[in-house]
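# Examining the three-dimensional arrangement
Listed below, chain by chain, are the residues.
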Amino acid sequence: MSAAPAEKINGDAVTPNLNIRLNVNEKARTVTSVCTSGTLCTVSIHDGINGAPFGSYVDYVLDDDGNPVVLMNEMSMHTINIRENEGSEKGTGMVTLFTQLAGTGQDVSRCSLTGKIVKIDPKEADDIDTIRMRYSIVHSYADQVMDSPKFDFYRLIPDKIYFVGGFGVLAKWVEPEEYQESTPDILAKEASSICARLNREHSEDLRLTAQHLLDVDTEIESVRVTNVDRLGMDIRVTSQKGARRNKLITDEFRVGFRIPVISVEDAKSEVLKVFQEAWEKGNGYVWDEIEDDALPGSDIPIAKIAADSLE
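Everything in this summary refers to the structure shown in the same document. Bear in mind that the values here come from a model prediction, so they are computed numbers and not experimental data.

This next bit is on the packing of aromatic side chains. Inspection of every chain in the model, using the stated rule, returns three aromatic pairs. Aromatic pair Y135 and F153: ring centres 5.4 Å apart, planes at 65°, arrangement edge-to-face. With Y135 in helix α3 (residues 128-138) and F153 in strand β8 (residues 151-166), the pair connects residues that are 18 residues apart, well separated along the chain. With relative accessibility at 0%, the residue Y135 sits in the buried group. Relative accessible area serves as the criterion here: at 7%, F153 is assigned to the buried category. Both rings, one in Y162 and one in W173, keep their centres 4.8 Å apart while their planes meet at 55°; by these two values the pair is tilted. With Y162 in strand β8 and W173 in strand β9 (residues 170-174), this pair connects stretches of sequence that are eleven residues apart. What makes Y162 partly exposed here is its relative accessible area of 28%. Taking relative accessible area as the criterion, W173 reaches 55% and is therefore assigned exposed. A cation over a ring is seen here: R29 above Y179, with NZ or CZ 5.4 Å from the ring centre.

Conventions and cut-offs
- Residues numbered from 1 in each chain as written.
- Predicted model: local features only at pLDDT ≥ 70, side-chain atom pairs only at ≥ 80, totals over all residues.
- Heavy atoms only, no water.
- Phe/Tyr/Trp six-rings, centres within 6.5 Å; stacked < 30°, edge-to-face > 60°.
- Helix = DSSP H or I, 4+ residues; strand = E, 2+ residues; numbered from the N terminus.
- Buried < 20%, exposed > 50% of the residue type's maximum accessible area, 1.4 Å probe, protein only.
- Lys NZ or Arg CZ within 6 Å of the ring centre and 35° of its normal.

This is the structure we're talking about:
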């Protein structure tokens, strides 16, 4: 799938400048906020793989600026790599933390943060009490080891941030300053369960939405929601291209909410309105027989954001 400039689908009634997508900075901050673990990549100092990338599973929390904070044992291999590389001629102390949303395959959003990682001095860090509290809440085991002299908190301060929105949808570098100033989406922690429920319980509603609101006029193979946030939802449609059954085309659509939602219940309400209007349009209902823009769903902001063909 390849990313494409947003292409308006749903007629001229759509407000031209209506913002229906999170910006990439918000998306990156959302991923790192939802996730609480990832892969920490350091430079190995071990014999035989000296200089090779070394990945370790780590837990983390974010500080107020969105910087990941990791609680590490002094004898862990990644801690040794960091310590030894920092003092070597080639060492820079640079690491990468890779984290991604729950899901399968390459459809999920993910983020890589690369920068300097430094040990936090509890006597000098003004936010150490906040970090300890957050770590204790998110990672229950932390209370047992935080006070051990063998464990220390390390803060990763990103110099480079790379965000990938899914398979072929969006991949972009994010400025660390803009990332720090952004806030995670209000639905961030619930988005995965909302998508799963919609795909599990509303397959027919999604199919009607694809046919009557997204203007998919070929035989549909599958329809599913890939993301939901306060501004709308992403729907991926795979359908046959032309008369050839062995040629499929997959399109990604953005279906915006008419107003930003502020809760999970608001989001459910907006999604159900979309499904209702797709059903009404499919069954020939009109709200005003004189004006075309009064057809059900005519004022829902919709855009095609990615497309791909598979032979």
